[in-house]
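Descriptive analysis of the structure
One-letter residues, chain by chain:
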Amino acid sequence: MSTLSREETEALIAEVLEVYPEKARKDRAKHLAVNDQSIEQSKKCITANRKTLPGVMTVRGCAYAGSKGVVWGPIKDMIHVSHGPIGCGQYSRAGRRNYYVGTTGVDTFGTMNFTSDFQEKDIVFGGDKKLAKLLAEIETLFPLSKGSSVQSECPIGLIGDDIESVAKKASAATGKPIVPVRCEGFRGVSQSLGHHIANDTIRDWVMGKRDGQPFAATPYDVAIIGDYNIGGDAWASRILLEEMGLRVVAQWSGDGTLAEMMNTPKVKLNLLHCYRSMNYISRHMEEKYGIPWMEYNFFGPTKIIESLRRIAGFFDDSIKEKCEAVIARYQPMMDAIIGKYRPRLQGKKVMLYVGGLRPRHIIGAYEDLGMEVVGAGYEFGHNDDYDRSIKEMGNATLIYDDANGFELEQFVKRIKPDMVGSGIKEKYIFQKMGIPFRQMHSWDYSGPYHGYDGFAIFARDMDIALSSPVWSKFVPPWKKSVPEATQEPQEAA
Amino acid sequence: MANIMIRQADSGGLVFYLPKRDLEASIESIEFDSTAKWGGELKLDNGGAYYIDPIAKPPRLPISLRARRLGAAED
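Residues numbered from 1 in each chain as written. Chains lettered and ligands numbered in written order. Predicted model: local features only at pLDDT ≥ 70, side-chain atom pairs only at ≥ 80, totals over all residues. Heavy atoms only, no water.

Overview of helix 17 (residues 383–390) of chain A
Within helix 17 of chain A, burial applies to A:Asp384, A:Asp385, A:Tyr386, A:Ser389 and A:Ile390. Where helix 17 of chain A is buried, its residues meet helix 12 (275–289), helix 15 (358–361), strand 11 (372–378) and strand 12 (398–401) of chain A together with strand 3 (23–33) of chain B. (Buried < 20%, exposed > 50% of the residue type's maximum accessible area, 1.4 Å probe, protein only. Helix = DSSP H or I, 4+ residues; strand = E, 2+ residues; numbered from the N terminus. Contact = heavy atoms within 4.5 Å.)

Regarding the interface of chain B and chain A
Tallying the contact residues gives 14 residues for chain B and 19 residues for chain A. Of the roughly 1400 Å² buried where chain B meets chain A, counting both sides, 36% is carbon and sulfur surface. Its largest share of buried area at the contact with chain A, chain B owes to B:Arg7, B:Asp22 and B:Glu24, together 35% of the area lost on that side. On the surface where chain B and chain A come into contact, there are 4 salt bridges. Measuring nitrogen to oxygen at the nearest pair gives 3.2 Å for the salt bridge that ties B:Glu24 to A:Arg388. Sorting the residues of the side of chain B that touches chain A by element identifies strand 1 (2–8) and strand 6 (63–70) of chain B as the ones contributing at least two each. (Buried area = accessible area lost by both parts, 1.4 Å probe. Salt bridge = Lys/Arg side-chain N within 4 Å of Asp/Glu carboxyl O.)

Section: the pattern of salt bridges
Overall, the coordinates contain 35 salt bridges over all chains when judged by the stated rule. The shortest N-O distance in the salt bridge between A:Asp200 and A:Arg203 comes to 3.5 Å. Remark: A:Arg203 and A:Asp200 occur in helix 9 (residues 191–205); sequence separation between them is 3 residues, near one turn of the helix. Bridged by salt links that share partners, the residues A:Arg276, A:Arg283, A:Glu295, A:Arg360, A:Asp384, A:Asp385, A:Arg388, B:Asp22 and B:Glu24 form one connected network.

Topic: unusual backbone geometry
In this model, A:Gly447 is joined to A:Pro448 through a cis peptide bond whose omega is -5 degrees. Examined against the element boundaries, A:Pro448 turns out to sit in the loop between strand 14 (437–439) and helix 20 (451–467). The omega angle of the peptide bond from B:Leu61 to B:Pro62 is 0 degrees, so this bond is cis rather than trans. Take B:Pro62: it is sitting in the loop between strand 5 (49–55) and strand 6. The phi angle at A:Asp117 is positive, at roughly 45 degrees, despite the residue not being glycine. Here A:Asp117 is to be found in the loop between strand 3 (114–115) and helix 5 (120–125). Positive phi outside glycine occurs at A:Asp444, with the angle close to 50 degrees.

Some remarks on the pairing of strand 2 (residues 14–18) of chain B
Residue and element names in this part refer to chain B. The element strand 2 is extensively covered by neighbouring structure, given that 5 of its 5 residues are classed as buried. The alternating pattern of strand 2 places Leu 14, Phe 16 and Leu 18 and Val 15 and Tyr 17 on opposite faces, both of which are buried. The pairing of strand 1 with strand 2 spans 4 bridges and is antiparallel. In the sheet register, Arg 7 faces strand 2, and the bridge partner there is Val 15. From the end of strand 1 to the start of strand 2, which pair antiparallel, there are 5 residues, and Gly 12 there has a positive phi angle of about 115 degrees. What sits between the antiparallel neighbours strand 2 and strand 3 is a turn of 4 residues, in which Asp 22 has the positive phi angle 50 degrees. (Pairing = 2+ DSSP bridges.)

What to know about helix 13 (residues 301–312) of chain A
All names here are of chain A. With 12 residues, helix 13 ought to run about 16 Å at 1.5 Å a step, and its terminal C-alpha atoms sit 16 Å apart, in line with that. Residues of helix 13 that are buried: Pro 301, Lys 303, Ile 304, Ile 305, Ser 307, Leu 308, Ile 311 and Ala 312. Of the surrounding secondary structure, the elements contacted by the buried residues of helix 13 are helix 10 (233–243), strand 8 (269–272), strand 9 (293–295), helix 14 (317–345), helix 16 (363–368) and helix 20. (Expected span 1.5 Å × (residues − 1).)

Here's the deal with the packing of aromatic side chains
Residues and elements named next belong to chain A. For the structure on display, the rule yields 20 aromatic pairs over all chains. Relative to Phe 142, the ring of Phe 109 has its centre 5.5 Å away and its plane inclined at 80 degrees; by these criteria the two rings are edge-to-face. Taken together, the residues Phe 109 in the loop between helix 4 (87–91) and strand 3 and Phe 142 in the loop between helix 6 (128–141) and strand 4 (147–152) connect sequence positions 33 residues apart. The class for Phe 142 is buried, based on a relative accessible area of 15%. Taking the centre distance of 5.1 Å and the plane angle of 65 degrees together, the rings of Tyr 366 and Phe 458 count as edge-to-face. In this pair, Tyr 366 sits in helix 16 while Phe 458 sits in helix 20, placing the two residues 92 residues apart along the sequence. (Phe/Tyr/Trp six-rings, centres within 6.5 Å; stacked < 30°, edge-to-face > 60°.)

Quick word on the sheet that holds strand 14 of chain A
All names here are of chain A. Strands sit in the order 1-12-11-10-13-14 across an open sheet of 6 strands; the sheet is mixed. Two strands in the sheet have a free side with no partner beyond their single neighbour: strand 1 (32–34) and strand 14. Adjacent strand axes in the sheet meet at a mean angle of 15 degrees, parallel and antiparallel pairs treated alike. The pairing of strand 10 (residues 349–354) with strand 13 (residues 419–422) spans 3 bridges and is classified as parallel. Among the inter-strand pairings, Met 351 is bridged to a residue of strand 13, identified as Val 420. Taken strand by strand, helix 17 contacts strand 11 and strand 12, and its axis lies near 170 degrees from that of strand 11. (Axes fitted to C-alpha atoms, helices over the stretch in contact; angles between N-to-C directions.)

A closer look at the sheet that holds strand 5 (residues 178–181) of chain A
Residue and element names in this part refer to chain A. Taken in spatial order, the 4 strands of this open sheet run 3-2-4-5, and their pairing is parallel. Edge strands, defined here as strands with exactly one partner in the open sheet, are strand 3 and strand 5. Relative to strand 4, strand 2 (residues 78–83) runs parallel, the two sharing 6 bridges. Bridging from a neighbouring strand, His 83 pairs with Ser 152 of strand 4. Of the strands in this sheet, strand 2, strand 4 and strand 5 touch helix 3 (residues 63–72), which is tilted by about 155 degrees from strand 4.

Some remarks on the side chain of A:Ser145
Residue and element names in this part refer to chain A. Following the sequence through the fold, Ser 145 ends up in the loop between helix 6 and strand 4. Taking the relative accessible area as the measure of exposure, Ser 145 reaches 2% and is therefore buried. Here Ser 145 is in contact with Asp 77, Ile 79, Phe 109, Ile 138 and Lys 176, once residues within four sequence places are set aside.

Here's the deal with the packing of helix 13 of chain A against helix 14 of chain A
Residue and element names in this part refer to chain A. Helix 14 packs onto helix 13 with a crossing angle of 175 degrees between their chain directions and a minimal axis gap of 10 Å. Classed by the angle they form, the pair helix 13 and helix 14 counts as roughly antiparallel. Touching Pro 301, Ile 305, Leu 308, Arg 309 and Ala 312 of helix 13 are Ile 319, Lys 320, Cys 323, Glu 324, Val 326, Ile 327, Gln 331, Met 334 and Ile 338, all from helix 14. Of the residues contributing to the contact of helix 13 with helix 14, the split by class is 10 nonpolar, 1 polar and 3 charged. (Parallel < 35°, antiparallel > 145°, perpendicular 65-115°, else oblique. Nonpolar A, V, L, I, M, F, W, Y, C, P; charged D, E, K, R; others polar.)

Some remarks on the nonpolar core
Residue and element names in this part refer to chain A. Residues Ile 311 and Tyr 366 are the most contacted members of the largest nonpolar core, which totals 95 residues. Considering each element in turn, this core owes the most residues, 9 residues, to helix 14. If sequence neighbours within four positions are ignored, Tyr 366 has contacts with Val 350, Leu 352, Met 371, Val 373, Met 419, Met 440, Phe 458 and Met 462. If you look at the next biggest cluster of nonpolar residues, it comprises 26 residues, including Leu 4, Tyr 20, Val 374 and Tyr 400. (Core = buried A, V, L, I, M, F, W, Y, C linked by side-chain atoms within 4.5 Å.)

Now the structure itself:
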């Protein structure tokens with residue numbers, strides 16, 4: 001059930017497309033669609049993962065953002081060098097709130113920015129010497145680092161530096177893995193290629209380094225893949241798995257370490273949360289080591305229960321029993337939360353525009369609170385993401401791929417959702433339009449939202465955003481309707 | 001020629017995956033499907049068709065192979 005019918009939604013898309021010149025209109029039309037649950041393949045209704053139209057304000061990132069910011073960055077005991085000009089690293093430093101445990105600057109380096117700070121002469125004469133010097137300095141200054149990665153920024157690819165050879169030499173000198181990552185920002189159409197490149201470098205430079213070494217394995221070893229511990233998400237997920245009797249060997253990559261990654265081939269099951277950014281390495285491990293992987297969803301009790309039971313299905317009866325015990329233990333807590341917040345949030349409409357997995361994963365959590373998702377879209381999703389989303393979303397809801405500022409604004413004006421969930425670039429536009437907003441990338445400085453504990457915080461945050469008294473103050477006093485204006489003198493008296 | 005990966009789907013069928021383009025599609029038909037000879041032309045549910053040289057049936061999936069596209073590129 002959505003407020004707009006299929007025809008109205010189609011008319012809305014046509015109306016939004018009207019402002020574009022003909023060629024642009026034709027291109028953008030392929031990226032906007034009305035959901036039809038009967039379709040098996042998303043490519044019949046939407047095109048995804050295509051180059052953004054020049055001239056429109058996209059919110060996509062670059063390959064460097066996908067590699068350094070998402071996949072490699074959270075690995076806490078490695079030093080990730082932003083190789084190139086200083087800005088890319090500095091402006092993205094610690095912005096993703098990947099929490100970790102450790103002493104920053106001594107044995108962990110998550111929130112620090114390491115950069116080769118390219119100058120004009122490095123562009124002209126090449127930056128390889130600078131990189132070699134920098135890697136030696138890292139070894140002197142931070143001897144407890146377990147390794148490094150060299151995250152290329154655009155100029156490295158343009159001037160043709162050979163970071164691989166520098167990395168190999170430095171690695172031989174220090175005895176630590178140094179991973180050159182060719183994630184120059186100009187590669188690909190969005191951060192999605194950066195995820196792929198980062199996964200491939202992990203495959204080539206990290207995986208298999210401990211093959212054949214002794215490892216005290218148990219039959220219940222699992223790895224959490226694609227959980228970046230934003231606001232503590234991975235911890236909230238991990239405790240549920242541990243309560244079920246599973247042993248979490250590795251966290252990829254939130255609060256993760258290099259050793260954990262190297263030990264991952266020893267696990268029995270890979271649990272994949274962010275499909276978009278880490279399906280590559282899961283597929284590789286399935287082929288090379290025969291480790292099955294499954295996608296799970298820890299947003300909202302309905303999906304958590306579903307996922308926990310599916311995870312338990314891979315193991316013996318003792319795990320299945322404990323799984324049911326975990327579900328039973330948290331059920332009263334969930335009932336209390338839903339009992340408290342559902343009456344306040346029932347029937348509210350939400351529009352989502354996020355990154356890789358959340359537009360589809362989070363729908364269940366909203367539905368548990370009685371809210372309805374009336375529009376969803378991915379910044380950089382591929383068609384396999386949309387394939388997975390179509391069934392999750394209601395019929396005739398709006399889907400948008402790589403939407404730009406103008407389109408989102410028009411959609412919100414017409415659909416009039418009670419709330420928008422997106423990122424920092426959209427936040428202030430919609431708040432100024434008087435619409436409650438939550439950042440669904442970084443959880444708006446809150447979190448975790450995964451797991452049972454996370455759902456409690458999620459429900460509270462949605463209620464805070466929607467019920468804030470500020471939204472009733474949006475009409476200035478001189479524009480208020482007449483009856484209220486006549487009351488004012490009485491109040492003054 | 002492109003590197004592809006064929007894996008077993010949860011539902012029982014085969015899934016075709018082309019890493020270069022992040023293309024995932026289920027395989028509707030496979031030309032040869034016996035223990036001694038496995039492969040040949042793969043018809044995908046998205047309308048595409050690929051050809052892999054017939055090999056002995058792999059003991060374990062997923063498997064990475066080289067494939068040739070038949071016909072025009074699909075989306």
